[in-house]
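Chain and residue survey
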Amino acid sequence: MEKYAKLVVRSNTIYTDNLFTYKVPDFLINELSIGHRVLVPFGRGNKPTEAFVFEIIDNLDEDIKTKEIVDVLDEKPIFRVEDLELVNWMKNRYLCTYIDCINLIYPKGYKLNNYKVVTLNESIDNLSEHKFKEFLLTLNENQTKVIELIISNKGKIKVEKIKDIQNVNSLLDRMAKKQIINLYWEYKDHKNEKKICYISLTMDSDELDDYIKDNKINLGSKQKEIVKFLKNNNNIEINDLMELLNASKKSITSLYDKNLITLKLEDYYRNPNSIYKSSYKDIILNNEQQYAINKITSQMFEENKKPYMLHGITGSGKTEVYMEVIDYALKQGLDSIVLVPEIALTPQTISRFKNRFGDIVGVFHSQLSEGQKHDVYKAIKAGKIRILVGARSALFAPFNSLGVIIIDEFHETSYKSEKNPKFSAIEIAKYMSIKNDISLILGSATPPIDEYYKVKNNEYELIEIKNRANNKPLPKIKVIDMKGQLNNGNKSIFSIPLQNEIQEAIKNKSQVILFLNRRGYASFVSCRACGYVFQCENCDISLTYHKGKNIGRCHYCGYEKEIPKECPDCGSKYIKPFGVGTQKIEEELKTIFPDAKILRMDKDTTSKKGSLEEILNKFKNEEADILIGTQMLSKGLDFENVTLVGILSADMMLNFPDFKSFENTFQLITQVSGRAGRSDKEGKVILQTYDTDHYAIRRAINYDYEGFYSDEIKIRKAFGYSPFNNMISVVISGENEKVVKQNSENMYNSIIYLLKNRGINDFEFILGPNPCSIAKINQNYRWQILFKDDNIEINLLKGIIKYICITKRDVVFNKDVNVSIDINPNSVL
DNA sequence: AGCACGCCGACT
DNA sequence: GTCGGCGTGCTC
């Protein structure tokens, strides 16, 4: 019987992104199954390459020459059948490669390295010393260098280690042909099974002393010390011992060689702990919370249930609902995944879960080291972690019996990946929940418009919580018309009412949060005489002014430039910063309230590790009166003593050139306002704006989600935006502007050609090619073509885009341009 | 992509 | 005839 395997090979090019057929060797026929990781020879040089078995077939379906699989790399398959199904689904949905998808679900801590090595050919190695010297004389400079390198490396060297020789590969090839050297591939399969080493004595105390005496063993003073220590403390961790006694590895290996100690390796789980502290309160659930819990738990074992959308206002105690559902699942033997938008911003949520459930709570996010990720995965597989809290990547954790997926604040943009595959965690979770009957809960106070539309379409089960857990009303939002303030001669960023309220709050010993959606000091610096604006040299972006260092900084690539006293264009000295950032807010606030203690939370003050936790802790412990911050403030923070929230410029986001900017404005106002009055004290919100009449603002100040939804959905429908259409963005970027432009046009023309062939002659659903709104980032020019699946079947459209951008990539695009496909992108800049 | 092969010109 | 350099085409 013959068997063949269709597999995906790990190589980092889209040109090999298909299934390759290999023959299954006889000794593996009974062994090999779908999902196995195998080693195959790949390419002309038969480089040992890692591959993944997707299918096993009995006969070749076409006449192709095949190579044989060398071996399986792991005892058990690393992927389940459903994992591979997910890979296929994602590849189709997001138009990305197999490997992109595999990398997401690939168990952490595995890595196959392959490298080419050089050794001396036996005929040379066996020469006598005299003959060898003679032989060396026949070689040229580079060849001698290679021989010397091999010898000085104990007879074997990796090709990549041979430096400062040009065209090493052709040199080595020729030397191999002349039988001077051997050239071959080697590989090493790393499995990062982090173990910890425990030391103990091989025999008990007296026995050991006799053994030493009888065998006349001499011990150094350090070794004696270690033995003495081990007599009293058996089974100690090697690192602790070395540190405690200031011992070296040498003395330990020496003891081991003398047969006096044993070393034992055991699994070790690193535990990335957050330093954030939270207090555990006994919570009494209200009726709405209880209803939600009952609804979800009662259907947990039902098949074909819909995902739940938990629409609960800010402060409605959604986390309590999550925890009760998880608790129920645990008791039924089911595991849970909780996704949070940004792990760094949710130390509070994590500590609440840890307080409630203890050690079975694991944390997973992209900032963990590979080793830490591996440990978490291992603990999950071992059943030591039953609840995983993490960022979107936590979705792919290898739980054995996953029962619940919770996505908190599911309107957050961070659930859409920026990297390939540009997946949406919401979509993947929905896919998983339907396929495996998992209870999926999407929680938010401000559900995305397109998702809420699906409630109306019966795709979700809507559960609402309309009251705050503390039974207090939502904070009243007072709108201040900044045009009026200006007319009354108040040029400050702070309206008079806001100043008064801040004063009042500080007097009452409660805390204030001020929100502004822009960091830095000023949004741009320009010359009043000629209008020159300081711009980033790498991007098409004006520099944000940072006062402390007197620099302009690009918030896209990090480029910094000192701002000169004179205009580089006209030489005038009228150089001034315009617009307002959080840094300037802080400065002005200090002059108005010189005694207030102020904290600032934005990307500039929280980039250092641990600094965010420090700021949150300080504010929580009421070591500051006012917290100024950007977007970060909107993400589920919970401070009991905050009674006043100030939104300094609500229209800043309104004027963003994106079809989601109204929705974002509504969300931000609702979310930021929700930070006030979360405990016993009532909250208040002051909202400053120049545009008091905009529906996003009017609906937000009345907490009228339904109203905003009905306004917004009409606009979405009229313009054919999501949820009525999918949007596909293709961005072509590269260092050469002309090439990028020409490639974009190439692509457009190819697409038009294919569409015409299919009888489609109306191309209104294609926008562009145009330069992106941000036409240059990091020295890369960017052009965009936008597609809506208006009047065209999405799979046909995707098929054509895939054909042009992937299958025929080398025909349509230059090698040095980057083509990025994003299905339903967060923003089209 | 990245690897191997093969062609070509320069130089002994 | 040999060496280094670079362009080309394929990967079961």
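None of the values given here were measured: they were computed from a predicted structure. Along every chain, residues carry numbers that run from 1 in the direction the sequence is written. Here chains are named by letter from A upward and ligands by number from 1 upward, in the order in which they appear as written. Note on the predicted model: pLDDT of at least 70 is required for a residue's local features to be given, and 80 or more for side-chain atom pairs to be given and counted; whole-chain, interface and lining totals, by contrast, use all residues. Excluding hydrogens and water, the side-chain values take into account all heavy atoms of the structure.

As for the overall build of chain A
Scanning chain A for helices and strands turns up 27 helices and 33 strands. Summarising its shape, the C-alpha atoms of chain A cover approximately 100 × 80 × 70 Å along the three principal directions. Evaluated residue by residue, chain A yields a buried proportion of 53% over its 829 residues. When checking whether two residues touch, look at their non-hydrogen atoms; a contact exists if any pair is within 4.5 Å. Excluding contacts between residues fewer than 6 apart, the proportion of contacts in chain A whose partners are at least 24 apart in sequence is 75%. Each accessible area is a Shrake-Rupley estimate made with a 1.4 Å probe; only the visible protein chains count as cover when residues are assessed. Counting only carbon and sulfur atoms, one obtains 46% of the accessible surface of chain A, whose full area is about 40600 Å². Residues counted as positive are Lys and Arg, residues counted as negative are Asp and Glu, and His and the chain ends are not counted. Where a charge sits is defined by one atom per residue type, namely NZ (Lys), CZ (Arg), CG (Asp) or CD (Glu). On chain A, the mean spot of the 116 positive side-chain charges and the mean spot of the 110 negative ones are 3 Å from each other. Helix and strand assignments come from DSSP, with helices taken as H or I runs of at least 4 residues and strands as E runs of at least 2, each series counted from the N terminus. Burial classes follow relative accessibility: with a 1.4 Å probe on protein chains only, a residue under 20% of its type's maximum area counts as buried, one over 50% as exposed, and anything between as partly exposed.

Observations regarding the protein's contact with DNA strand B
The near set for a molecule or strand comprises every residue that places at least one heavy atom within 4 Å of it. Every residue near DNA strand B is listed here: Asn12, Thr13, Tyr15, Arg44, Gly45, Lys47, Lys116 and Trp185. Sugar and phosphate atoms constitute 61% of the interface atoms of DNA strand B, taking the interface as everything within 4 Å of the protein. Identification of polar contacts relies on pairs of N or O atoms within 3.5 Å, with a donor-acceptor requirement for protein atoms, meaning one able to donate a hydrogen and the other able to accept it, and with residues adjacent in sequence counted only if both atoms are side-chain atoms. Between DNA strand B and the protein, one listed contact pairs a sugar or linking oxygen with a backbone N or O atom of asparagine 12 at 3.4 Å. Side-chain polar atom of tryptophan 185 to a phosphate oxygen of DNA strand B: 3.5 Å apart, as the coordinates give it. Amino acids outside the nonpolar list (Ala, Val, Leu, Ile, Met, Phe, Trp, Tyr, Cys, Pro) and the charged list (Asp, Glu, Lys, Arg) are all regarded as polar, and Gly is one of them. Looking at the surface near DNA strand B residue by residue, the classes come out as two nonpolar, three polar and three charged.

Some remarks on the sheet that holds strand β19 (residues 476-481)
Whether two strands pair comes down to DSSP finding at least two bridges between them. Sheet architecture is open: six strands sit in the order β19-β29-β28-β20-β27-β26, paired in parallel fashion. The two strands at the open ends of the sheet, each matched to only one other strand, are β19 and β26 (598-601). Neighbour to neighbour, the strand axes of the sheet diverge by 20° on average, direction disregarded. Relative to strand β29 (residues 684-689), β19 runs parallel, the two sharing six bridges. Paired with isoleucine 480 across the two strands is glutamine 688, which belongs to β29. The strands touched by helix α18 (residues 496-507) within the sheet are β19, β20 (511-515), β27 (626-629), β28 (642-647) and β29, with β28 carrying the most contacts at an inclination of about 160°. Between N-to-C directions, angles span 0 to 180 degrees; the directions come from axes that are lines fitted to C-alpha atoms, helices contributing only their stretch in contact.

Some remarks on the pattern of salt bridges
Here a salt bridge means any side-chain nitrogen of Lys or Arg lying within 4 Å of a carboxyl oxygen belonging to Asp or Glu. For the structure on display, the rule yields 38 salt bridges. Each of Arg10, Arg37, Glu50, Asp74 and Asp189 takes part in one network of salt bridges that share partners.

Notes on the protein's contact with DNA strand C
Inspection of the region around DNA strand C gives 19 residues, with Tyr22, Lys65, Lys67, Asn167 and Arg174 positioned closest. At a separation of 2.8 Å, a base nitrogen of DNA strand C approaches a polar side-chain atom of arginine 174. When residues of the surface near DNA strand C are traced back to their parent elements, those giving at least two are β2 (20-23), β3 (37-42) and α6 (168-177). Of the residues forming the surface near DNA strand C, the biggest block, three residues, is contributed by β2. Partitioning the surface near DNA strand C into residue classes produces seven nonpolar, seven polar and five charged.

What about unusual backbone geometry?
Residue proline 421 is reached from asparagine 420 by a cis peptide bond, and omega for that bond is -10°. Its place among the elements puts proline 421 in the loop between β16 (402-408) and α15 (425-436). Even without glycine at this site, asparagine 304 takes up a positive phi of about 55°. Here asparagine 304 lies in the loop between α11 (287-298) and β12 (308-312).

Looking at the side chain of threonine 314
Mapping threonine 314 onto the fold places it in the loop between β12 and α12 (318-331). Among the residues examined, threonine 314 registers a relative accessible area of 4% and is labelled buried. The contact partners of threonine 314, leaving out residues within four places of it in the chain, are Ala445, Arg468, Leu474, Thr670, Gln671, Gly674, Arg675 and Arg678.

A few points about the nonpolar core
Of all hydrophobic cores here, the largest spans 124 residues; its most connected members are Phe396, Ile407, Met601, Val730, Met747, Phe787 and Ile801. Discounting residues that sit within four places of it in the chain, isoleucine 801 has contacts with Leu95, Ile728, Val730, Ile751, Phe787, Ile806 and Ile821. Judged by nonpolar contacts, the second largest core, of 29 residues, contains Ala292, Leu334, Ile350 and Val361. What is meant by a nonpolar core is a set of buried Ala, Val, Leu, Ile, Met, Phe, Trp, Tyr and Cys residues, joined one to another through side-chain atoms within 4.5 Å.

Looking at the pairing of strand β14 (residues 361-364)
On a regular strand, one side chain projects to one face of the sheet and the next to the other, so that they alternate. Both faces of β14 are covered, namely the face carrying Val361 and Val363 and the face carrying Gly362 and Phe364. Across four bridges, the pairing between β14 and strand β15 (residues 387-390) is parallel. The residue bridging valine 363 from the neighbouring strand is valine 389, located in β15. Following the backbone out of β14, through helix α14 (residues 370-381) and into the adjacent parallel β15, one traces a crossover that is right-handed. Whether a crossover is right-handed depends on one test, that the path from the first strand over the helix to the second runs clockwise when the strands point away from the viewer.

Considering the packing of α11 against α12
Where α11 contacts α12, the axes come no closer than 9 Å and their chain directions differ by 35°. Along this stretch, α11 crosses α12, giving a crossing that reads as right-handed. Across the interface between the two elements, Gln289, Ala292, Ile293, Ile296 and Thr297 of α11 pack against Glu320, Val321, Glu324, Val325 and Tyr328 of α12. Residue composition of the contact of α11 with α12, by class: six nonpolar, two polar and two charged. Less than a right angle of anticlockwise turn of the near helix away from the far helix marks a crossing as left-handed, whereas a clockwise turn marks it as right-handed.

Overview of the environment of phenylalanine 410
Within the element layout of this structure, phenylalanine 410 appears in the loop between β16 and α15. The class for phenylalanine 410 is buried, based on a relative accessible area of 2%. For the pair formed by phenylalanine 410 and leucine 339, sequence separation is 71 residues and the distance between their alpha carbons is 8.6 Å.

Observations regarding the packing of aromatic side chains
Describing an aromatic ring pair means giving the distance of the ring centres and the angle of the ring planes. Aromatic pairs are defined between Phe, Tyr and Trp rings, using the six-membered ring for Trp, whenever the two ring centres lie within 6.5 Å; interplanar angles under 30 degrees are classed as stacked, those over 60 as edge-to-face, and all others as tilted. Considering all chains together, one arrives at 22 aromatic pairs under this definition. With 5.1 Å between their ring centres and 70° between their planes, tyrosine 452 and tyrosine 709 make a pair best called edge-to-face. With tyrosine 452 in helix α16 (residues 449-456) and tyrosine 709 in helix α24 (residues 705-719), this pair connects stretches of sequence that are 257 residues apart. A single burial state applies to tyrosine 452 and to tyrosine 709, both of which are buried. The interplanar angle of 65° and the centroid separation of 4.9 Å between the aromatic rings of tyrosine 453 and phenylalanine 724 together place this pair among those described as edge-to-face. One end of the pair, tyrosine 453, is in helix α16; the other, phenylalanine 724, is in the loop between α24 and β30 (727-734), with 271 residues separating them in the sequence. The ring of tyrosine 98 has lysine 91 lying over it, and the distance from NZ or CZ to the ring centre is 4.5 Å. Look at NZ for Lys and CZ for Arg. If either is within 6 Å of the ring centre and within 35 degrees of the ring normal, a charge sits over the ring.

Some thoughts on the sheet that holds strand β6 (residues 110-120)
An order of β7-β6-β8 is seen for the three strands of this open sheet, with the pairing classed as antiparallel. On the outer flanks of this sheet lie β7 (156-158) and β8 (181-191), each paired with one strand and no other. Direction aside, neighbouring strands of the sheet carry axes that sit 35° apart on average. When β6 meets β8, the two strands line up antiparallel, connected through eleven bridges.

Remarks on a negative patch on the surface
On the surface, a cluster of negative charge is contributed by Asp204, Asp206, Glu207, Asp210 and Asp214. You can see aspartate 210 is positioned in helix α7 (residues 205-214). Its relative accessible area of 44% is what places aspartate 210 among the partly exposed residues. Surface patches are drawn from residues lacking salt bridges whose relative accessible area is over 30%; two like charges belong together within 9 Å, two nonpolar side chains (Val, Leu, Ile, Met, Phe, Trp, Tyr) within 5 Å.

Some details on helix α25 (residues 737-757)
Any helix carries an expected span of 1.5 Å times its number of residues minus one. The terminal C-alpha atoms of α25 lie 30 Å apart, and with 21 residues this matches the ideal 30 Å at 1.5 Å per residue to within 8%. Those residues of α25 that fall on the buried side of the exposure criterion are Val739, Val740, Asn743, Ser744, Met747, Ile751, Ile752, Leu754 and Leu755. Contact partners of the buried residues in α25: β30, β31 (766-777), β32 (780-788), α26 (794-807) and α27 (809-812). Where α25 ends, the next residue or the one after it, glycine 759, has phi of about 80°, a positive value.

Here's the deal with the UniProt feature "binding site: Zn(2+) 2" (unreviewed entry) in chain A
UniProt positions are given in the numbering used here, feature names are shortened, and annotations may be inferred rather than shown by experiment. UniProt tags Cys536, Cys539, Cys554 and Cys557 as "binding site: Zn(2+) 2" (unreviewed entry). Across 22 residues in sequence, these annotated residues keep their C-alpha atoms within 8.7 Å of one another, forming a single compact spot. Along the chain, the position of cysteine 539 falls in the loop between β21 (524-527) and β22 (544-546). The buried category is assigned to cysteine 539, whose relative accessible area is 2%. Once residues lying within four places of it in the same chain are set aside, the contact partners of cysteine 539 are Cys554, Tyr556, Cys557, Lys776, Ile777 and Asn778. When you line up the elements, cysteine 554 lands in the loop between β23 (551-553) and β24 (560-562).

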